[in-house]
Amino acid sequence: MKYIVLGLGHFGRSLAIHLTEQGHEVIAADKKMAIVEQNKDRITHTVCLDSTDKEAVSSLPLKDANAVIVAIGEEEGASLLTVALLKQLRVKRIIGRVVSDLQKTVLEAMEIDEYIMPEEDAAERLAMRLDNIDIVDSFKISDNYSIVETKVPSRYAGMTLKDADLTNRYKVIVLTTVQLPNEKAKDGKGEARKEASGIAHSDTVLQENDLLVLFGELSNIQDLIERG
């Protein structure tokens, strides 16, 4: 897949490097040449440009990108201008970095519903989610083990955990299942809420539209997802 990352601060640099290491083609841009030069050997492509300059941004292969991530953090104005420009250029998938509640509100008003907060591990989590569309969220427990939220593989829909036997087949542990809300299941603010079913047990039935919360080595979890 191809991704464009605008802004090579700590978060943007980390995201671009993770995606490159996962085998994706990444074009990373920053307006500071020194930063671009520092990272050119670890990212597929790096370029120096001002992301608020329409002509400069238009020169990027926006139509070919699976997503454009606006990773600018310190300059909220530049970040919002960049998102507005990408909207104007009709980029199909824009993911914005949020550093304040006000910025989040503005992004929502611009109909940007994909955004990330600048936690230490957010770049790696986003990279993993972009790498596999079936992964909803994840975080590392240690160098070897992760907890991953993913869709129930269609082949196991309607089966109990005992029958699916995921622990023996893939060496992963199902911690819980999560029911995705429908349009009517919204809280007082009009937001849909996911509901965990509690600690999973052998009689837990895997429903087609539910999510699995898995614990194990990432390679084993990915094996389960790919074979599902």
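Just above sits the structure.
What comes next is a walk through the structure. Because the structure is a prediction, the values reported are computed rather than measured.

The rules we used
- Position numbers for residues count from 1 along each chain, tracking the sequence in the order it is written.
- Since the coordinates come from a predicted model, pLDDT governs what is reported: local features require at least 70, and pairs of side-chain atoms require 80 or more to be given and counted, while whole-chain, interface and lining totals use all residues.
- To obtain the side-chain values, all non-hydrogen atoms of the structure were used and water was disregarded.
- Numbering of helices and strands starts at the N terminus; helices are DSSP runs of H or I of at least 4 residues and strands are runs of E of at least 2.
- Buried means the residue's accessible area, taken with a 1.4 Å probe over protein chains only, is under 20% of the maximum for its type, while exposed means over 50%, and partly exposed covers the values in between.
- The working definition used for a salt bridge is a side-chain nitrogen of Lys or Arg within 4 Å of a carboxyl oxygen of Asp or Glu.
- Criterion used throughout: strands pair if DSSP finds at least two bridges between them.
- A contact between two residues is defined here by any heavy atoms of the two lying within 4.5 Å.
- Fitted lines through C-alpha atoms serve as axes, helices being fitted only where they are in contact, and the angles separating the N-to-C directions of these axes extend from 0 to 180 degrees.
- Here, the term right-handed applies to a crossover whose path from the first strand over the helix to the second runs clockwise when the strands point away from the viewer.
- To estimate the expected span of a helix, subtract one from its residue number and multiply by 1.5 Å.
- For this analysis, a polar contact is any N or O atom pair within 3.5 Å, provided that within protein one partner can donate a hydrogen and the other can accept it, and provided that sequence-adjacent residues contribute only side-chain to side-chain pairs.
- Residue types Ala, Val, Leu, Ile, Met, Phe, Trp, Tyr and Cys, when buried and joined through side-chain atoms within 4.5 Å, form a set referred to as a nonpolar core.

Some thoughts on the environment of isoleucine 199
As for its placement among the helices and strands, isoleucine 199 is situated in strand β10 (residues 195-199). Since its relative accessible area comes to 75%, isoleucine 199 is described here as exposed. As a C-alpha pair, isoleucine 199 and valine 174 span 25 residues in sequence and 8.7 Å in three-dimensional space.

Quick look at the pattern of salt bridges
Within the structure shown, the criterion is met by six salt bridges. With a closest N to O distance of 3.2 Å, lysine 31 and glutamate 75 form a salt bridge. Of this pair, lysine 31 sits in the loop between β2 (25-30) and α2 (33-39) while glutamate 75 sits in the loop between β4 (67-70) and α4 (76-88), and the two are 44 residues apart along the sequence. Its relative accessible area of 47% is what places lysine 31 among the partly exposed residues. Take glutamate 75: its relative accessible area is 38%, and that puts it in the partly exposed class.

Remarks on the sheet that holds strand β1 (residues 2-6)
Strand order in the open sheet formed by six strands is β3-β2-β1-β4-β5-β6, with parallel pairing between adjacent strands. Looking at the sheet topology across the chains shown, the edges are occupied by β3 (45-48) and β6 (115-116). In this structure, β4 lies alongside strand β5 (residues 94-97), joined through three bridges in parallel fashion. Bridge pairing in β5 links isoleucine 69 to isoleucine 95. Relative to the sheet, α4 contacts β1, β4 and β5, its axis offset from that of β4 by approximately 160°.

Some points on the pairing of β3
In this structure, β2 lies alongside β3, joined through four bridges in parallel fashion. Its bridge partner being in β3, isoleucine 27 is matched across the sheet by histidine 45. With α2 bridging β2 and the parallel β3, this β-α-β connection has right-handed handedness.

Details of helix α1 (residues 10-21)
Helix length check: α1 (twelve residues) gives 16 Å between terminal C-alpha atoms against 16 Å at 1.5 Å per residue, within 8%. Along α1, the positions that sit buried rather than exposed are Phe11, Gly12, Leu15, Ala16, Ile17 and Leu19. One or two steps after α1, the chain reaches glycine 23, where phi turns positive at roughly 95°.

Focus on the environment of lysine 32
Along the chain, lysine 32 falls in the loop between β2 and α2. A relative accessible area of 49% places lysine 32 in the partly exposed class.

With respect to the side chain of threonine 176
Mapped onto the elements of the fold, threonine 176 is located in strand β9 (residues 173-179). For threonine 176, a relative accessible area of 11% gives the class buried.

Focus on the side chain of threonine 82
Structurally, threonine 82 is set in helix α4. Judged by its relative accessible area of 1%, threonine 82 falls in the buried class. Of note is the side chain of threonine 82, whose polar atom sits 2.7 Å from the side chain of serine 51. Those residues in contact with threonine 82, other than ones at most four positions away along the chain, are Leu6, Ser51, Thr52, Val70 and Ile72.

Observations concerning the pairing of β4
With burial as the criterion, each face of β4 is covered, one bearing Ala67 and Ile69 and the other bearing Val68 and Val70. Inspection of the sheet shows β1 paired to β4 by four bridges, in the parallel sense. Residue pairing for β4: isoleucine 4 is matched across the bridge by valine 68. For the crossover that starts at β4, traverses α4 and ends in the parallel β5, the hand is right-handed.

Topic: the nonpolar core
Within the largest apolar cluster, 21 residues are counted, with the highest numbers of intra-cluster contacts made by Ile4, Leu6, Leu60, Leu62, Val68 and Leu86. With three residues, α4 is the single largest residue contributor to this core. Not counting residues up to four positions away in its chain, the partners in contact with leucine 86 are Leu6, Val57, Leu62, Val68, Val70, Val91 and Ile94.

By themselves, these observations are geometric and do not establish any function.
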